[in-house]
Amino acid sequence: MNQSIDVLPDHKKTQLYRLRHSLSHILATAVRQMRPEVKLAFGPPVENGFYYDFDFGDSPLGESDLEEVERRMSAVIKERRPFVREEKSFDEALRFLEESGEVYKVEYARELIDTGVANGDTLSFYSSGDFTDMCEGPHLDHTGEVPKKCFKLDRISGSYWRGDEKRPMLTRIYGLAFESAQELSEYLAMRKLAMERDHRKLGEELDLFVQDNEVGVGLPLWMPKGTVIRDELEKWARETEFLGGYQRVSTPSVTRKELYLRSGHVPYYEDSMYPPMPVDENDHYYLRPMCCPHHHKIYASRLRSYRELPLRLCEYGNVFRYEKHGSLSGLLRVRAMCMNDAHIYCTPEQVEAEFKAVIAMYQMYYGHLRMGNFRVRLSLHDKSSDKFVDRYEDWEHSEDIVRRVLDNLGIGYEEEAGEAAFYGPKVDIQVKNLMGREETVSTCQLDFVMPERFDLNYVDANGERKRPYILHRAPLSTHERMISFLIEFYGGAFPTWMAPVQVRLVPVNAELAEYAQGLEAKLRGAFFRAETDLSDESFNKKIRNAVTQKTPNIWILGKQEMEQGTVTWRRYATKDQKCVPVEDALVMLETMRRDRAMDNFADVNIW
RNA sequence: GCUGGAAUAGCUCAGUAGGUAGAGCGCGUCACUCGUAAUGACGAGGUCCGGGGUUCGAUUCCCCGUUCCAGCUCCA
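Residues numbered from 1 in each chain as written. Chains lettered and ligands numbered in written order. Predicted model: local features only at pLDDT ≥ 70, side-chain atom pairs only at ≥ 80, totals over all residues. Heavy atoms only, no water.

Q: Please provide a residue-by-residue account of the packing of aromatic side chains, values included.
A: Summed over all chains, the structure comprises 26 aromatic pairs. Seen in terms of ring centroids, phenylalanine 42 and tyrosine 108 are 4.7 Å apart; in terms of plane orientation they differ by 85 degrees. Their pairing is edge-to-face. Within this pair, whereas phenylalanine 42 is found in the loop between strand 1 (39–40) and strand 2 (45–46), its partner tyrosine 108 is found in helix 4 (residues 103–114), the two being separated by 66 residues in sequence. One exposure class covers both phenylalanine 42 and tyrosine 108, and it is buried. Aromatic side chains tyrosine 269 and phenylalanine 422 sit 5.2 Å apart centroid to centroid with 35 degrees between the ring planes, which places their arrangement in the tilted category. Of this pair, tyrosine 269 sits in the loop between helix 9 (265–268) and strand 13 (277–279) while phenylalanine 422 sits in the loop between strand 19 (414–417) and strand 20 (426–432), and the two are 153 residues apart along the sequence. Note on tyrosine 269: relative accessible area 25%, which makes it partly exposed. Under the relative-accessibility criterion, phenylalanine 422 is labelled buried at 3%. We note arginine 20 situated over the ring of phenylalanine 178; from NZ or CZ to the ring centre the distance is 5.2 Å. Between the NZ or CZ atom of lysine 88 and the centre of the ring of phenylalanine 96, over which it lies, the distance is 4.5 Å. (Phe/Tyr/Trp six-rings, centres within 6.5 Å; stacked < 30°, edge-to-face > 60°. Helix = DSSP H or I, 4+ residues; strand = E, 2+ residues; numbered from the N terminus. Buried < 20%, exposed > 50% of the residue type's maximum accessible area, 1.4 Å probe, protein only. Lys NZ or Arg CZ within 6 Å of the ring centre and 35° of its normal.)

Q: Break down the protein's contact with RNA strand B for me, with residues and values.
A: Surrounding RNA strand B, one finds 51 residues, the nearest of these being Tyr160, Ser272, Arg544, Glu561 and Gln577. Atoms of RNA strand B within 4 Å of the protein: sugar and phosphate make up 53%, bases the balance. Within the contact set of RNA strand B, a base oxygen lies 3.1 Å away from a backbone nitrogen or oxygen of lysine 559. Every element with two or more residues in the surface near RNA strand B is listed here: strand 7 (151–160), strand 8 (169–177), helix 6 (199–205), strand 21 (438–447), helix 16 (539–548), helix 17 (559–564) and strand 28 (566–571). (Near = heavy atom within 4 Å. Polar contact = N/O pair within 3.5 Å; in protein donor to acceptor, adjacent residues only side chain to side chain.)

Q: Which residues make up the environment of proline 252, and what values go with them?
A: Of note, proline 252 is situated in the loop between strand 11 (247–248) and strand 12 (254–256). Taking relative accessible area as the criterion, proline 252 reaches 45% and is therefore assigned partly exposed. Sequence separation between proline 252 and glycine 144 is 108 residues; the distance between their C-alpha atoms is 65 Å. Contact partners of proline 252, with chain neighbours within four places excluded, come to Arg288 and His294. (Contact = heavy atoms within 4.5 Å.)

Q: Tell me about the pattern of salt bridges, residues and numbers included.
A: For the structure on display, the rule yields 51 salt bridges. The shortest N-O distance in the salt bridge between arginine 403 and aspartate 400 comes to 3.0 Å. Residue arginine 403 and its partner aspartate 400 are both found in helix 12 (residues 392–408); the two are separated by three residues, about one turn of the helix. A salt bridge links arginine 504 to glutamate 531; the nearest nitrogen and oxygen atoms lie 2.9 Å apart. Of this pair, arginine 504 sits in strand 25 (residues 503–507) while glutamate 531 is found in strand 26 (residues 530–532), placing the two residues 27 residues apart along the sequence. (Salt bridge = Lys/Arg side-chain N within 4 Å of Asp/Glu carboxyl O.)

Structure below.
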């Protein structure tokens, strides 16, 4: 969609870029053969391929038409049509587009001209055969340069013109394209493999969570095994927060409207909240979409001295957000979630150090979990939007603070305007899931608005009342989102400390059952989640079942082990095994649990 | 919320040119008692998503709804 005609950046000069861009023109050429009346919108190259947006009016193409489109594209490629660039003056360009009825192109051309993005006094067009499109290029020399079988139409879906839901809904056709047939098939194979790790699929297979229509959409039910993972994360957070000087609080999930009028969430974010519940005569209650106002109220419950600051209040709190139906997805986007929330109230002098400490905590968590596949986004306000509070100097000031913290820590980040919270800038950890959809996992926000709205203050050393700053932070995100990413990232294989079943005891035959159960009791006595396979299955099948469930540790018990007081310990991550005396094995397990060893990775040595 | 697609056994899916359905896995029973990824036999499971319509008859065709999937939008 980025069709600015500035000097071409490097990535646009690559052969792959030209290939994908040319294929989007070839796609449009084929589509126009089938629907001569079609109106063209944007058709850029994108990651893994290209797309083109069409307005089909009353005769849309559907999924079943893609095969024919692809056939026609191949025919165009065979014709070796040259791509010819032509510059048209502004007037000429507009006349041409208007005459061909390209209303979307006309709008875009006018915008390029009006905003001065079009440098010089011309707009460029590319023609290949009878198809001409306004386009900055570059393209292949001719359609015959498209390698054989290097592309595939992938999906067809809707998209709004200019990404604006108030404007017409267009039809977008996505294609995959690579420089060779082999790369395409490799990509397809990779994607197929990746889908095996889909948290929705694994969540069901591993019995982690379910959704039930009678309960409601976007309201997952956590099964016993999934709850183990939540509990372990929470336990870790409690320890980490205790060491970080946080204090735990507990606050309710429903609240009077008054609170959200004060915070400003009503009316600004009312659309994203569950509708209010009428209670008593004139009172309305909301399910809370976040915990902050409750924590602010705890802060405000009495006068605070500077000696108490920073005050760090934390809570794994349930929050409820009325997300749009079509955006719900597994655990990734839900309407009820449990958030690793905390609010830090501090003096202006303390802000930087506190922000730094929070970022350090993020680095610790992400480093430990080996979640290296994220980008850091510095989310700033956007002056042209009315979504943000209107306090220019505070924005500049607080954005500087956050930027400075990131710079000092040497953290690479990308700034994005318009992504801030309405009350302040934030640092977001952005992670892509298997489908390539990027979501914010964790966020840390600097808030200069709520202290005033809630009239929060503290008494400084001189006896004067001052406004504190507030940091909002959620490094472990919500259980729902974090665990959805962990499932996919780990392929469902959790480290021992988080695993629903930590040790699966597999007796070689029925005679060993009693011994196995004794060992299980011993493990459970030491608070390990151990299970014995007492089924009548073959030994091979028992191993297979334990492996399929991705149990991190299988303890195999045969006659020899019983006699020697050992276990044969098979690791999931490596398939290695080792015979270990029972007492030693217990100590090793204790160590793994204490250190939260990431033994789901093969390079982690546990013996 | 919007556009498109889908919904058949617990799961993955086949099928019926309109005459109420089948496989594999899983589950149950029995036999087997087994040393590192699937022992064998038998059996039980279905309002073919829900509601209307057309029809002698609808899982199949039409309409409406629900849910799921993909994309768009949104995302404190």
